Amino acid sequence: MKLTKIFSVLLVAGLLFTGCQNTTNKEDEKKTVITMPIMDSSINVQVGTEPTNLDPAFAYKASELTYINHLFSGLTTLNEKGEAVPCIAESWKLETDKNGVETYTFKINKNAIWNDGTNIKASDFVYNFKRILDKNLNSPVAYQLFPIKNAVKVYNGELKADELGVSVDKDGNLVIVLEGKCPDFLQRLTLPAYLALQEKNVSEADWSLNITKLQVSGKYKVSDWKKGQNISFEKNDKYVLADEVINPSVNFIFKYSDEEVKEAFIQNKVLFTTELPLKYFDSIDNTSLNTNMISPITATQIFEFNMNSETTKNKNLRKALSVSIDRNSVVEQMKNGCIPATSLLQKSFLFNGETFAEDLVAITKDKDNAKELLSGKSYTVKFLIDDNPAHIRFAEIVSKMWEEIGVKTEIVSLSFNEYNKEREEGNFDVIMTTIFNDTAYVDNYFVNFLNNSKNNFIGFSNKDYDKAIVRSYGMEYVDTFSDDDKDNAEKKYDKKDDKGKDQEVKTDFTNKELFSFAHKLIVEEETAITPIYHLTINYAASKNLTGYTINNLGAIDFSKAIYVPIQ
């Protein structure tokens, strides 16, 4: 194992932080002083770092989504089963033309108003859709709008914003035309890119940082924001579903020292925290507290193999690298609370009651098989990672497993910007990445590896894979191969009878069948990628705090949280 470059850093992104421990004098030096901004009238929680702003266009981290989801609401909201139900949209109708193009018409609830008392209008949605698709805004969530007709071309500057498939009809309804079919479109309407914004409000300077200017549509409004300390929300009585909000206020506290967080949690001052490192959980002896709580999210840590590299274009090598990894041991050594992967997808997530996950042999530890695949040949692979210490540790653990089958590893650790540049230029054999999925539907796990995807840095190209994904999702807006290539891919499904005559081609594949085909092809047959573990949200919470929920993206909802103090 050769480590060519390591940048010394102090933080492990999203996992650990350092801070100064506040203590009393020497006689009582072990007693931690709590200086956190606790509000006795609120439920006090910690969900992560302070938001840089409260603009939905930039909300993609779990903590940012938590803040935004409390302040803004979409056309729909999700019930306890994950089903889309009316919110700002009172009702809707769906029409599908002969080409399979779907058009939704949403009737806006007349009782849906901004917290300044003005009505929320269909044009507020149209305005924000176009705003987010303006490439100059540089919104990281713009891709969420790509199922809308012409969205990709508007984003790329090929069409004007007015050619986007959204409009307001004569009755004031919002009309959204899609490129094709989108099975989970109603669920997607809860994502940040699909929220409405008041154009006159956004035109105000620092509108998303100044709580006196911020107009919101959701369950809460901001009552106080002390920079670097906390942000407090109070119930928004003008919210269209205000009767469903049980908790009147929530106080989000930002980062403090580990010891102070631990003490505040033990004393039931902080009732929920994602900011207490796992190493502290075992030292908390209090039966009224739940520690080491785990909630899985739709994110998977994977390896991607460069299909164009002289080294990893060898399929047997890719397969050997995959089956030589003991995923249980990786998670145990990392101590990150994650779940070892037996599939690219998490089994616990359902879409319309159906799971797309399945165990794959290609990611089952088999060191003997790995050595057979290598046939005694020796290899050195270039492993590209960013300079996150946790990622460096991860690379070192895996490289030792590869050494056991005779593969040497050159770990190249770069700053994040340098890492991205090298990744885009294909200067690697193996890279570690994380695949996130916005909804319970699984398309994001696969679209990055379509032939023309801008995120397909490994050069994976398979006509049958692309055809399966396009079929499964109706994503005609994704141009993959030429029409001739697509027609050739169809032949994969052609069958001959015993006399050599064409049999009827199967065309009624279910989405599960198509995703299963794509899953096995890219992970098992080609081993272009291999999953290692599924990410989780690790947290601690008071047993007397109930009613909070954590969604697939790790965003936490406290609107129905109830705390009953210990008597």
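Rules used throughout
- Residues numbered from 1 in each chain as written.
- Predicted model: local features only at pLDDT ≥ 70, side-chain atom pairs only at ≥ 80, totals over all residues.
- Heavy atoms only, no water.
- Helix = DSSP H or I, 4+ residues; strand = E, 2+ residues; numbered from the N terminus.
- Buried < 20%, exposed > 50% of the residue type's maximum accessible area, 1.4 Å probe, protein only.
- Contact = heavy atoms within 4.5 Å.
- Axes fitted to C-alpha atoms, helices over the stretch in contact; angles between N-to-C directions.
- Left-handed = near helix turned anticlockwise from the far one by under 90°.
- Nonpolar A, V, L, I, M, F, W, Y, C, P; charged D, E, K, R; others polar.
- Parallel < 35°, antiparallel > 145°, perpendicular 65-115°, else oblique.
- Phe/Tyr/Trp six-rings, centres within 6.5 Å; stacked < 30°, edge-to-face > 60°.
- Lys NZ or Arg CZ within 6 Å of the ring centre and 35° of its normal.
- Core = buried A, V, L, I, M, F, W, Y, C linked by side-chain atoms within 4.5 Å.
- Pairing = 2+ DSSP bridges.
- pLDDT = per-residue confidence, 0-100.

1. So, the side chain of Ser-63
And then number 1: Mapped onto the elements of the fold, Ser-63 is located in helix α1 (residues 62-71).
And then number 2: A residue is classified by how much of its surface remains accessible, and Ser-63, at 8% relative accessible area, is buried.
And then number 3: Excluding its chain neighbours within four sequence positions, the residues that come into contact with Ser-63 are Val-47, Gly-48 and Thr-49.

2. Thoughts on the packing of helix α8 (residues 327-334) against helix α10 (residues 389-403)
And then number 1: For the pair α8 and α10, the least separation of the axes is 10 Å and the interaxial angle reads 140°. By crossing handedness, the relation of α8 to α10 is classed as right-handed. For the pair α8 and α10, the contacting residues are Ser-329, Val-330, Gln-333 and Met-334 in the first and Ala-390, Arg-393, Phe-394, Ile-397, Val-398 and Met-401 in the second.
And then number 2: Residues that form the contact of α8 with α10 fall into these classes: seven nonpolar, two polar and one charged.

3. Structural notes on helix α6 (residues 258-266)
And then number 1: Residues Asp-258, Glu-260, Val-261, Lys-262, Ala-264 and Phe-265 constitute the buried set of α6.
And then number 2: Check the buried side of α6 and you find it contacts β2 (43-46), β12 (272-273), β13 (289-305) and β18 (529-542).
And then number 3: At the exit of α6 stands Asn-268, carrying a positive phi of roughly 60°.

4. A few points about the packing of helix α7 (residues 315-323) against helix α9 (residues 367-374)
For any two helices packed against each other, the geometry is given by the interaxial angle and the distance between the axes.
And then number 1: For the pair α7 and α9, interaxial distance at closest approach is 8 Å and the crossing angle is 165°. It follows that α7 is roughly antiparallel to α9 by the angle criterion. As α7 packs across α9, the resulting crossing turns out to be left-handed. Contacts between α7 and α9 involve Asn-316, Leu-317, Lys-319, Ala-320 and Val-323 from the first element and Lys-367, Asn-369, Ala-370, Leu-373 and Leu-374 from the second.
And then number 2: Partitioned by chemical class, the residues of the contact of α7 with α9 number six nonpolar, two polar and two charged.

5. As for the environment of Val-245
And then number 1: By the secondary structure assignment, Val-245 is in the loop between β10 (230-235) and β11 (249-253).
And then number 2: For the pair Val-245 and Lys-560, spaced 315 residues apart in sequence, the C-alpha to C-alpha distance is 5.9 Å.
And then number 3: Here Val-245 is in contact with Lys-219, Tyr-220, Lys-235, Tyr-239 and Ser-559, once residues within four sequence places are set aside.

6. Things to note about the packing of aromatic side chains
For any pair of aromatic rings, geometry is given as the distance between the ring centres together with the angle between the planes.
And then number 1: Under the defined criterion, the tally for this structure stands at 24 aromatic pairs.
And then number 2: Within the aromatic cluster, the residues linked to one another by ring pairs are Tyr-67, Phe-233, Phe-252, Phe-272, Tyr-539, Tyr-548 and Phe-558.
And then number 3: Lying across the ring of Trp-225, Lys-227 places its NZ or CZ 3.2 Å from the centre.

7. Looking at the nonpolar core
And then number 1: Counting residues in hydrophobic clusters, the biggest one holds 116 residues, and the most contacted among them are Phe-106, Ile-148, Phe-303, Val-330, Trp-402 and Phe-558.
And then number 2: Here this core gets eight residues from one element, more than from any other, and that element is α10.
And then number 3: Non-local contacts of Phe-303, meaning those with residues more than four positions away in its chain, are made with Ile-325, Phe-383, Phe-394, Val-398, Trp-402, Val-430, Ile-431, Met-432, Ala-528, Ile-529, Thr-530 and Ile-532.
And then number 4: Within the second largest apolar cluster, 32 residues are counted, among which are Ala-357, Leu-384, Ile-431 and Ile-529.

8. Quick look at the pairing of strand β17 (residues 430-436)
And then number 1: For β17, the tally of buried residues reaches five of seven residues, placing the bulk of the element in the interior.
And then number 2: Judged from the seven bridges that link them, β13 and β17 form a sheet pairing that is antiparallel. Following the sheet pairing, Thr-300 is matched in β17 by Ile-435.
And then number 3: Where strand β15 (residues 379-386) and β17 come together, two bridges link them in parallel fashion. Its bridge partner lying in β17, Phe-383 is registered against Val-430.

9. So, the sheet that holds strand β8 (residues 174-177)
And then number 1: Taken together, the four strands give an open sheet; going across it, the order is β5-β6-β8-β7, and neighbouring strands pair in antiparallel fashion. Only two strands of the sheet have a single partner each, and these edge strands are β5 (89-96) and β7 (166-168). Pairs of neighbouring strands in the sheet enclose a mean axial angle of 20°, with direction left out of account.
And then number 2: Sheet topology note: the β5/strand β6 (residues 102-108) ladder contains seven bridges and is antiparallel. The partner of Leu-94 across the bridge, within β6, is Tyr-104.
And then number 3: Across the sheet, helix α2 (residues 122-132) lies against β6, β7 and β8, angled at about 155° from β7, the strand it touches most.

10. Comments concerning the environment of Ala-196
And then number 1: Locating Ala-196 in the fold gives a position in the loop between α4 (185-188) and α5 (199-202).
And then number 2: In contact with Ala-196, other than residues within four places in its own chain, are Phe-72, Trp-114, Ile-120, Asp-124 and Phe-125.

11. Things to note about the confidence of the model for the chain
And then number 1: Per-residue pLDDT for the chain averages 85, and the proportion of residues at 70 or more is 87%.
And then number 2: Counting interchain partners and residues more than four positions distant, the pLDDT-below-50 stretch residues 1-29 has 57 contacts.
And then number 3: Across residues 475-495, confidence stays below pLDDT 50; counting only partners more than four residues off in sequence or on other chains, it has 44 contacts.

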